[in-house]
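Fold and contact review
Residues per chain, in single letters:
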Amino acid sequence: VTSEGAIHVFDGVTKQWLRDAIFFEDAGDAGDTYDFSPPAQQTVVTTRDRQSRASTITRVEASALVSRLRLHHRMLLPISLTPDRQRRESRRRRVAIDVHLQLVAGSSTLEIDIAVDNTVDDHRLRLGVNVPMRADAIHCAAPFQVIERPLRLSDGKQWQQPPAPTQPFQDW
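As a starting point, this report considers the structure included with it.

1. Here's the deal with the overall build of the chain
- On a plain count of helices and strands, the chain comes out with 0 helices and 10 strands.
- Expressed as lengths along the three principal axes of its C-alpha atoms, the size of the chain is roughly 55 × 40 × 30 Å.
- Out of the 172 residues belonging to the chain, those deemed buried represent 26%.
- Of the charged side chains in the chain, 22 are positive and 22 negative, and the gap between their average positions amounts to 6 Å.

Next up, the structure:
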């Protein structure tokens, strides 16, 4: 973790560094509860932006068995959409995001726990993960099963709404 809060991960198997591997992206959302619809004039804020980098980085634990860090981001986000829902407000508010990273000896997994104190409206906050690989599908948890989702979506020509270029999941 850099002094600005950028998270670089070293893959011990491939011997590759994943630079800026984990970040947050926030965008205005004029959609309903069920789907994302960007406003006509979109404003995107990420933790890659200087003003939204981690404000504090705390080593919680460092032992031979476990290493834990806490990153505290305070993203400066528009408070909502404008009344006409065409763009994001110019007024902004800080939104706290706490990221807890944990490495356990003998494990190849970086455990991540995230807590957000959401104090703004009409937006979508996403976790971005940079990986240097290509895939045709992802596997993720669903109630009572593991599902496979293709990464290449339909062109949506016959659809009422165009397909979203994202595939949400909750657990993994």
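2. A closer look at the packing of aromatic side chains
- For the structure on display, the rule yields 1 aromatic pair.
- Each ring, one from Phe-10 and one from Trp-17, has its centre 5.2 Å from the other, and the planes form 55°; the classification is tilted.
- Residue classification places Phe-10 among the partly exposed residues on the basis of a relative accessible area of 41%.
- The class for Trp-17 is partly exposed, based on a relative accessible area of 47%.
- The cationic tip of Arg-48 hangs over the ring face of Phe-23; the distance from NZ or CZ to the ring centre is 3.7 Å.
- In this structure, Arg-124 is placed above the aromatic ring of Phe-36, and the distance from its NZ or CZ to the ring centre is 3.5 Å.

3. A few points about empty space enclosed by the protein
- Using the criterion set out here, one finds 1 cavity of 30 Å³ or more in the structure.
- Estimates place the volume of the largest cavity at around 40 Å³.
- Lining the largest cavity are Gly-5, Ile-7, Asp-20, Ile-22, Phe-23, Phe-24, Thr-47, Arg-53 and His-73.
- If you tally residues by element for the lining of the largest cavity, the top one is strand β2 (residues 16-28), at 4 residues.
- Considered class by class, the residues forming the lining of the largest cavity number 4 nonpolar, 3 polar and 2 charged.

4. Comments concerning the pattern of salt bridges
- If you walk through the whole model with that rule in mind, you get 9 salt bridges.
- Among the salt bridges present, the one from Asp-20 reaches Arg-48, with a minimum N-O distance of 2.8 Å. Taken together, the positions of Asp-20 in strand β2 and Arg-48 in the loop between β3 (44-46) and β4 (54-62) put the pair 28 residues apart, joining distant regions of the chain.
- The class of Arg-48 is partly exposed, set by a relative accessible area of 36%.
- Residue Arg-88 pairs with Asp-26 through a salt bridge whose shortest N-O separation is 2.5 Å. Of this pair, Arg-88 sits in the loop between β5 (66-78) and β6 (92-104) while Asp-26 is found in strand β2, placing the two residues 62 residues apart along the sequence. No difference in accessibility class separates Arg-88 from Asp-26, as the two residues are buried.

5. Here's the deal with the layout of surface pockets
- One number sums up the size of the second largest pocket: a volume of about 180 Å³.
- Classifying every residue of the lining of the second largest pocket gives 3 nonpolar, no polar and 3 charged.

6. What about the sheet that holds strand β7 (residues 110-117)?
- Spatial ordering of the open sheet is given by β4-β5-β6-β7, a layout of 4 strands whose pairing is antiparallel. Strands with a single pairing partner mark the edges of an open sheet, and in this sheet they are β4 and β7. If you compare each strand with its neighbour and ignore which way they point, the axes differ by 15° on average.
- Direction of pairing for β5 relative to β6: antiparallel, over a ladder of 13 bridges. Counterpart to Leu-71 in the pairing with β6 is Val-99.

Calculation notes
- Residues numbered from 1 in each chain as written.
- Predicted model: local features only at pLDDT ≥ 70, side-chain atom pairs only at ≥ 80, totals over all residues.
- Heavy atoms only, no water.
- Helix = DSSP H or I, 4+ residues; strand = E, 2+ residues; numbered from the N terminus.
- Buried < 20%, exposed > 50% of the residue type's maximum accessible area, 1.4 Å probe, protein only.
- Lys, Arg positive; Asp, Glu negative; His and termini not counted.
- Charge placed at Lys NZ, Arg CZ, Asp CG, Glu CD.
- Phe/Tyr/Trp six-rings, centres within 6.5 Å; stacked < 30°, edge-to-face > 60°.
- Lys NZ or Arg CZ within 6 Å of the ring centre and 35° of its normal.
- 1 Å grid on protein atoms, 1.4 Å probe; cavity = no way out; pocket = protein on both sides within 12 Å on 5 of 7 lines; lining within 4 Å.
- Points joined across faces, edges and corners; volume = space filled by probe spheres on them.
- Nonpolar A, V, L, I, M, F, W, Y, C, P; charged D, E, K, R; others polar.
- Salt bridge = Lys/Arg side-chain N within 4 Å of Asp/Glu carboxyl O.
- Pairing = 2+ DSSP bridges.
- Axes fitted to C-alpha atoms, helices over the stretch in contact; angles between N-to-C directions.

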